[in-house]
Amino acid sequence: MTNVEYLNKGLDQLNVADNSLAPARKNAITSFSKMGIPGAKHEEWRYTRIGNLFNKDYQFPAKKEGFSKTDLDGIRLPGHEEANELVFVNGIYASEFSVIRSKELVVQSLEEAAGNENKEIVALHFGHSSSLLKDGINALNTAFVHGGIFLNIKKGTVLSQPVYIYTITDARRESVLSQPRSLIYIGENAQAELVETYVTIGKADSFTNQVMEVAIEKDAKVGYYKIQNDRQQANLVSTTHFRQLGKSYLHTVTISLNGGIVRNNLNVVLEADHCEAHLYGLYFMGGDSHIDNHTIVDNVMPNCFSNELYKGVMTGKAAGVFNGKIFVRKDAQKTNAYQSNKNILLSADASVNTKPQLEIFADDVKCSHGCTVGQLDEDALFYLQSRGVPAPIAQSLLVRAFATDILEHITPKAIHDYVEQLISLKLEYDLP
Amino acid sequence: MLKIQNLKASVEGKAILKGIDLEIKAGEVHAIMGPNGSGKSTLASVLAGRKEYEVTEGSVEYLGKDLLELAPEERAGEGLFLAFQYPVEIPGLTTTNFIKTAVNEIRKYRGEAPLDAVAFLKMMKEKMAMMNIGQSLLSRPLNEGFSGGEKKRNEVFQMAMLQPKMAILDETDSGLDIDAIRIVANGVNKLRNKDNAVLVVTHYQRLLDYIVPDFVHVLYNGRIVKSGTKELALELEEKGYDFIKNEVNVGEGV
Ligand SMILES: Nc1ncnc2c1ncn2[C@@H]1O[C@H](COP(=O)(O)OP(=O)(O)OP(=O)(O)O)[C@@H](O)[C@H]1O
Ligand SMILES: [Mg+2]
């Protein structure tokens with residue numbers, strides 16, 4: 001039995017509880033049965049093949065047992081002493097390892113929230129990502145949702161401590177397919193900084209299919225940082241879907257430094273006047289890594305501003321994909337939307353496939369996009385060398401300089417410094 | 001100190017330097033003048049070690065070493081410095097960060113310990129005052145958005161920081177206001193002593209009023225076609241290059 005058949009059989013046996021998750025789950029079950037795992041014919045998956053990842057014998061549904069506090073201590077992020085820490089192990093939220101320092105922060109299981117006073121919120125936002133992501137992989141997560149959380153940052157709450165979210169895969173005993181799920185609600189006037197990281201321990205294969213949906217209300221301010229520095233056997237589809245429901249501010253920084261096949265879907269839906277969104281990304285990959293950043297900025301309402309800058313540095317045999325969609329719906333007049341993707345290839349075997357995609361249905365808008373793929377600037381290299389800086393160090397300086405205007409947007413200092421340090425290490429070991 | 005013999009170089013198969021002979025001794029200042037496109041910057045780039053210029057013939061001896069065998073950073077380590085005609089802009093890298101790396105890499109090359117923060121800052125302050133450069137400029141990304149004059153002053157500031165034995169200034173006076181020329185010249189003169197040498201490429205006699213050369217050479221069509229003392233610069237200023245071009249062309253029987 002192939003894994004897809006296995007998943008389909010699992011679907012048949014699914015028992016969908018009668019709560020506010022149900023409608024989305026039922027849709028997802030139908031969608032997955034129809035669409036299955038996206039193959040190369042799916043327009044959005046042309047350059048990122050995940051079919052083979054399902055031809056493995058995974059532990060599914062995954063279990064979190066076997067992971068310990070000591071294991072966690074080895075992978076906590078700098079600054080954790082002053083952060084809220086939410087821990088997922090093999091896709092299941094582990095409250096026993098999580099640390100909630102901000103009293104205002106409400107964490108409930110998704111199933112619980114779908115039945116209590118939050119059920120309306122859950123009904124409104126759970127599964128909304130499927131409106132933009134029409135593929136079986138998104139449906140798969142929703143269909144089998146299990147062990148997910150609902151995070152409520154209530155109206156007026158300004159979190160003074162960031163929220164670290166660990167997506168941990170324990171592949172020490174067997175291969176693991178895990179599907180973490182979370183729904184985050186950020187109320188009016190609330191402020192929060194979210195930091196996500198992905199860590200796989202053990203040598204077996206892993207495939208993580210994560211979906212996070214975030215609803216942001218009026219006058220809220222959100223910083224979101226995704227740090228990916230996993231092992232080369234760790235495969236990941238990471239979907240982060242933001243809805244800006246009122247005039248609000250969002251900025252995101254996606255950093256990818258290592259992994260197997262990594263696909264990031266980042267959606268920002270601007271559903272109110274005068275929303276502001278910034279999307280930054282840096283991917284610096286080597287070896288056989290495959291990094292795919294698919295972003296969607298969906299302008300639904302007028303007068304919104306969005307700015308997107310993704311930069312790539314590729315070494316070894318790494319392959320990169322950037323696909324940046326900007327939708328401007330017909331009511332979204334006076335949209336300002338900018339997008340830029342710049343890539344440096346440091347080796348002959350590295351590659352990048354970049355594609356901006358603007359679909360504009362309003363007439364009074366300002367949109368721009370641009371992409372470049374090139375090598376390190378020879379003139380700059382010579383300039384540095386001629387001042388006594390040896391070639392490898394000059395290269396490092398230039399890569400670092402290239403990354404600067406992404407890294408400077410990582411606001412939590414401990415995380416900023418941590419990423420800089422990871423990049424330094426990479427520069428030391430990964431440059432040709 | 002620097003001995004160039006029959007140096008020929010080409011770029012993309014096109015011959016640009018067609019046999020340069022030039023000897024510069026310690027303590028001397030040489031000026032190179034010549035019409036646009038004659039090969040002055042090419043000569044400077046070849047001396048600094050730019051890869052895209054292929055040396056097809058000739059030799060360059062520098063402080064007893066075969067200069068052409070050395071990588072650009074090794075040449076810098078040996079005390080060679082080139083102030084670029086067109087300094088490169090590097091967004092994301094501050095001048096301070098860059099110059100600190102350069103100073104310490106050169107020290108490493110020479111087997112010296114890196115400068116500690118205090119010593120480095122002291123040196124920075126001293127050279128900044130000398131070059132009349134403010135901290136704000138140096139905290140900005142290297143040359144990015146600098147005015148033409150600021151870029152040139154930054155070049156000479158870096159030269160002052162690196163204290164080269166052999167400095168090559170490629171049109172460092174172009175684009176400078178009158179005060180800045182004096183500041184730059186002053187910076188160069190402070191560097192001068194019996195153990196080092198300077199090669200200035202310029203189009204204007206004016207700079208040579210401040211940095212008085214021992215010799216003036218005219219580069220034309222990839223060759224040094226005339227050499228003289230500082231009076232030659234005055235003569236060129238007055239007559240232009242035509243009389244030299246005529247001499248050369250007659251000499252070559254064109
Ligand atoms: N990288 C290159 N590729 C092609 N041609 C080049 C290159 N570099 C220099 N050249 C050519 O070589 C010739 C000499 O150029 P060079 O820059 O050395 O002149 P120059 O004497 O410094 O002129 P200027 O006074 O205008 O600075 C010019 O014809 C120039 O176009
Ligand atoms: Mg020139």
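The paragraphs below set out a description of the structure included in this document. Here the residue index of a chain counts from 1 through its sequence in written order. For naming, the first written chain is A and the first written ligand is 1, with later ones following in the order written. The model is predicted, so local features are restricted to residues of pLDDT at least 70 and side-chain atom pairs to those at 80 or more, both for listing and for counting; the totals for chains, interfaces and linings are taken over all residues. Excluded from the side-chain calculations are hydrogens and water; all other atoms, namely the structure's heavy atoms, are used.

### Structural notes on the pattern of salt bridges
Keep this limit in mind: Each salt bridge in this description consists of a side-chain nitrogen of Lys or Arg and a carboxyl oxygen of Asp or Glu lying within 4 Å of one another. Strands are runs of DSSP state E lasting at least 2 residues, helices are runs of H or I lasting at least 4, and numbering of each runs from the N terminus. Three labels apply to residues, based on accessible area from a 1.4 Å probe with only protein chains included: buried if under 20% of the type maximum, exposed if over 50%, partly exposed otherwise in between.
Counting across every chain of the model gives 31 salt bridges over all chains. Two residues, Arg243 of chain A and Glu271 of chain A, come together in a salt bridge whose shortest N-O distance is 2.6 Å. Taken together, the residues span a long stretch of sequence, with Arg243 of chain A in strand β11 (residues 234–244) and Glu271 of chain A in the loop between β13 (261–270) and β14 (276–285) at a distance of 28 residues. On the basis of relative accessibility, which here comes to 10%, the residue Arg243 of chain A falls in the buried class. Overall, the relative accessible area of 24% leaves Glu271 of chain A in the partly exposed class. The shortest N-O distance in the salt bridge between Glu57 of chain B and Lys8 of chain B comes to 3.6 Å. Of this pair, Glu57 of chain B sits in strand β4 (residues 53–62) while Lys8 of chain B sits in strand β1 (residues 2–11), and the two are 49 residues apart along the sequence. Owing to a relative accessible area of 38%, Glu57 of chain B belongs among the partly exposed residues under this scheme. Within this structure, Lys69, Asp73, Arg76 and Glu85 of chain A form a network of salt bridges that share partners.

### Notes on a negative patch on the surface
Under the convention used in this document: The patches reported here contain residues having more than 30% relative accessible area and no salt bridge. Joining distances are 9 Å for like charges and 5 Å for nonpolar side chains (Val, Leu, Ile, Met, Phe, Trp, Tyr). Using a 1.4 Å probe, accessible areas were evaluated by the Shrake-Rupley method; residue-level cover was limited to the displayed protein chains. We count Lys and Arg on the positive side and Asp and Glu on the negative side, and we leave His and both chain ends out. Charge placement uses NZ in Lys and CZ in Arg. For Asp and Glu, CG and CD serve respectively.
Side chains of Glu23, Glu61, Asp66 and Glu69 of chain B sit close together on the surface and give a patch of like negative charge. With respect to the helices, strands and loops of the structure, Glu23 of chain B is situated in strand β2 (residues 14–24).

### Points about the site of ligand 1
Residue and element names in this part refer to chain B. Worth spelling out the cut-off: Consider each residue's heavy atoms; a residue with any of them within 4 Å of a molecule or strand counts as near. As used in this structure description, the phrase polar contact means that two N or O atoms lie within 3.5 Å; if the pair is within protein, one of them must be able to donate a hydrogen and the other to accept it, and residues adjacent in sequence are counted only when both atoms belong to side chains. Each residue gets one label: Ala, Val, Leu, Ile, Met, Phe, Trp, Tyr, Cys and Pro are nonpolar, Asp, Glu, Lys and Arg are charged, and the others, such as Gly, are polar.
The full set close to ligand 1 counts 16 residues, and Gly37, Lys40, Ser41, Thr42 and His203 are the nearest of them. At 2.7 Å from an oxygen atom of ligand 1 is found a side-chain nitrogen or oxygen belonging to Lys40. Surface burial for ligand 1 is 70%, taken as the share of its 630 Å² of free accessible area covered by protein chains. When contributions to the shell around ligand 1 are tallied by element, the ones reaching two or more residues are β2 and α1 (40–48). When residues of the shell around ligand 1 are assigned to their parent elements, the largest contribution, three residues, is made by α1. Split by residue class, the shell around ligand 1 holds four nonpolar, eight polar and four charged.

### Describing helix α3 (residues 95–109) of chain B
All names here are of chain B. Rules: The span expected for a helix works out to 1.5 Å for each residue beyond the first.
The end-to-end C-alpha distance of α3, which contains 15 residues, comes to 21 Å, matching closely the 21 Å that a straight helix rising 1.5 Å per residue would cover. The complete set of buried residues in α3 reads Thr95, Thr96, Phe98, Ile99, Thr101, Ala102, Val103, Asn104, Glu105 and Ile106. Positive backbone phi, approximately 75°, marks Gly111, located one or two places after α3.

### Quick look at the packing of aromatic side chains
To keep it simple, the criterion reads: Two rings belonging to Phe, Tyr or Trp (six-membered ring only in the last case) form a pair when the distance between their centres is within 6.5 Å. Interplanar angles under 30 degrees mark stacking, angles over 60 mark edge-to-face geometry, and anything in between is tilted.
By the definition in use, this model includes nine aromatic pairs over all chains. Plain terms: the ring middles of Phe54 of chain A and Phe207 of chain A are 5.1 Å apart, the flat faces sit at 70° to each other, and that makes the pair edge-to-face. Taken as a pair, Phe54 of chain A in the loop between α2 (22–35) and α3 (69–73) and Phe207 of chain A in strand β9 (residues 206–216) lie far apart in primary sequence, 153 residues in all. For Phe54 of chain A, a relative accessible area of 1% corresponds to the buried category. For Phe207 of chain A, a relative accessible area of 0% translates into the label buried. Here the aromatic rings of Phe67 of chain A and Phe97 of chain A are separated by 5.4 Å at their centres, their planes lie at 85°, and the arrangement is edge-to-face. On the criterion of sequence distance, the pair formed by Phe67 of chain A in the loop between α2 and α3 and Phe97 of chain A in the loop between β2 (92–93) and β3 (105–109) is long-range, its members being 30 residues apart. For the pair Phe67 of chain A and Phe97 of chain A, a shared accessibility class is recorded, and that class is buried. Aromatic ring contacts, followed pair by pair, group Phe382 and Tyr383 of chain A together with Phe84 and Phe98 of chain B into a single cluster.

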